[in-house]
Amino acid sequence: MKPFVSIVVPTYNRPYPLAELLESLSRQIYRHFEVIIVNDGGERVDHIIALYPEMRIRLIHCQANVGHVEARNIGVKKARGEWIMLCDDDDLLLPCHLERMVEAMVDADFVYSDVEIFHYRMDRGQRIPLRRFLFAYEYDQEAMRKFSTYVPSGSLYRKEIHESIGYFDPFVHNYWDWDFFLRVSEVFRVKRVAAASVLYAFSDEGDHLSRQMDNKRQMYLDRLSAKHRLGKLPTKNFWLLLQEPEVAKRKANSEVIWDGAPIVSRLRRKI
């Protein structure tokens, strides 16, 4: 029997990126999955879901904004699959991604892939890629305590993991994914898949907004450090951290799959 996968997607007022994600999911080679969209108190997305009737999509609409971490917890708890895949609403999965990740689970409990980070501009609701960067680093459990190279979008794991270590922690907010990875890696078999089959959206505008939240980010980073006894963690700009010798030496080879073309959704084609 093929394992049934629940893909959990929190969303909040990003209709066009969400439609692009659904388009990418509609192209998956592996078809035994459901999509759980948790609308975190944002504008309705029913009309977007209706554009993809061939997929199993369940919509959970939160009456209030509960935050992206708790939205993921809500989605995971409603999942019918024995395996969970996480995905942000503005990231994209290439057609081979789910199939390859399922295959990689043969000797693992938790798998994640490399990604290509892409910068973009918007053109009438369509994201047009401008630049791309291969984000591929060797998995080193100890090194992951100093700088996380885990991107949660597209990662796949056994749902039963939550029965052992609990759910995602809103207390660390921005660093929920790093915290989850550290907790998982202490107990379960973790594997990196050396293929960049996830496209991670990086908006220059979003980076500017992130800089305005530096004080809060530091508070959450301190909480993460205290929780896992990580000591003093670096707070440099993300791109500068990648140039640090300890991080740069972990740079790894990876299979690049994406042809660089934008993924055009059915919502965009209606314009």
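The name given to the chain in an unreviewed UniProt entry is Glycosyltransferase family 2 protein, with the source organism recorded as Anoxybacteroides rupiense. According to the UniProt record, the Sequence similarities (unreviewed entry) comment for the chain is "Belongs to the glycosyltransferase 2 family."

Chemist: I'm lost on the pattern of salt bridges in this one. Help?
Modeler: Here the idea is simple: oppositely charged side chains can pair when their charged atoms come close. Enumeration according to the criterion identifies 23 salt bridges in this entry. Notably, a salt bridge pairs E23 with R269, separated by 3.8 Å at the nearest N-O pair. A residue pair is termed long-range when its members are at least 10 positions apart, and E23 in helix 1 (residues 15-26) and R269 in helix 11 (residues 266-269) qualify at 246 residues. For R269, a relative accessible area of 49% gives the class partly exposed. Here R58 and E34 are joined by a salt bridge, their closest N and O atoms 3.2 Å apart. Of this pair, R58 sits in strand 3 (residues 57-61) while E34 sits in strand 2 (residues 33-39), placing them 24 residues apart in sequence. Owing to a relative accessible area of 22%, R58 belongs among the partly exposed residues under this scheme.

Chemist: Sorry, what's going on with helix 8 (residues 214-228) here?
Modeler: Think of an α-helix as turning once every 3.6 residues; residues three or four places apart then point the same way. With 15 residues, helix 8 should cover 21 Å at 1.5 Å per step; its first-to-last C-alpha distance of 21 Å lies within 8% of that length. Contacts from the buried residues of helix 8 go to helix 6 (176-185). Positive backbone phi, approximately 55°, marks R229, located one or two places after helix 8.

Chemist: Help me out: how do you make sense of the UniProt feature "domain: Glycosyltransferase 2-like" (unreviewed entry) in the chain in this one?
Modeler: Listed under "domain: Glycosyltransferase 2-like" (unreviewed entry) in the UniProt record, and renumbered for this structure, are residues 6-165. For the annotated span residues 6-165, helix accounts for 25% and strand for 32% of the residues, and the straight-line distance between the end C-alpha atoms is 19 Å.

Chemist: Looking at this structure, how should I read the side chain of S148?
Modeler: Turning to its location among the elements, S148 is positioned in the loop between strand 7 (126-135) and strand 8 (156-158). S148 gets classed as buried once you look at its relative accessible area, which sits at 15%. At 3.3 Å, the side chain of S148 forms a polar contact with the backbone nitrogen of Y150.

Chemist: It is not clear to me how the pairing of strand 1 (residues 5-11) should be interpreted in this structure. Could you clarify?
Modeler: Each regular strand displays side chains that alternate between the two surfaces of the sheet. Within strand 1, 7 of the 7 residues are buried, which leaves the element mostly enclosed by the surrounding structure. Bridge count between strand 1 and strand 2: 7 bridges; the pairing is parallel. Each residue of the ladder has a partner; that of V8, found in strand 2, is I36.

Chemist: Got a minute to help me understand the packing of helix 6 against helix 8 in this structure?
Modeler: Taken N-terminus to C-terminus, the directions of helix 6 and helix 8 make an angle of 10°; their axes are 10 Å apart at the nearest point. Compared by their axis directions, helix 6 and helix 8 come out roughly parallel. Taken together, the residues of helix 8 that come into contact with helix 6 (itself represented by W178, D179, L182 and R183) are L221, L224, K227 and H228. Across the contact of helix 6 with helix 8, the residue classes break down as 4 nonpolar, 1 polar and 3 charged.

Chemist: What exactly am I supposed to notice about unusual backbone geometry here?
Modeler: Of all residues except glycine, most have a negative phi; of all peptide bonds, most are trans. Positioned with a positive phi, H173 is a non-glycine residue whose angle comes to about 45°. Its location among the elements puts H173 in the loop between helix 5 (161-165) and helix 6. Of note in this structure, R229 is not a glycine but carries a positive phi near 55°. As for its placement among the helices and strands, R229 is situated in the loop between helix 8 and helix 9 (238-241). Among the residues examined, R229 registers a relative accessible area of 77% and is labelled exposed.

How each quantity is defined
- Residues numbered from 1 in each chain as written.
- Predicted model: local features only at pLDDT ≥ 70, side-chain atom pairs only at ≥ 80, totals over all residues.
- Heavy atoms only, no water.
- UniProt positions renumbered as here; feature names shortened; annotations may be inferred.
- Salt bridge = Lys/Arg side-chain N within 4 Å of Asp/Glu carboxyl O.
- Helix = DSSP H or I, 4+ residues; strand = E, 2+ residues; numbered from the N terminus.
- Buried < 20%, exposed > 50% of the residue type's maximum accessible area, 1.4 Å probe, protein only.
- Expected span 1.5 Å × (residues − 1).
- Contact = heavy atoms within 4.5 Å.
- Polar contact = N/O pair within 3.5 Å; in protein donor to acceptor, adjacent residues only side chain to side chain.
- Pairing = 2+ DSSP bridges.
- Axes fitted to C-alpha atoms, helices over the stretch in contact; angles between N-to-C directions.
- Parallel < 35°, antiparallel > 145°, perpendicular 65-115°, else oblique.
- Nonpolar A, V, L, I, M, F, W, Y, C, P; charged D, E, K, R; others polar.

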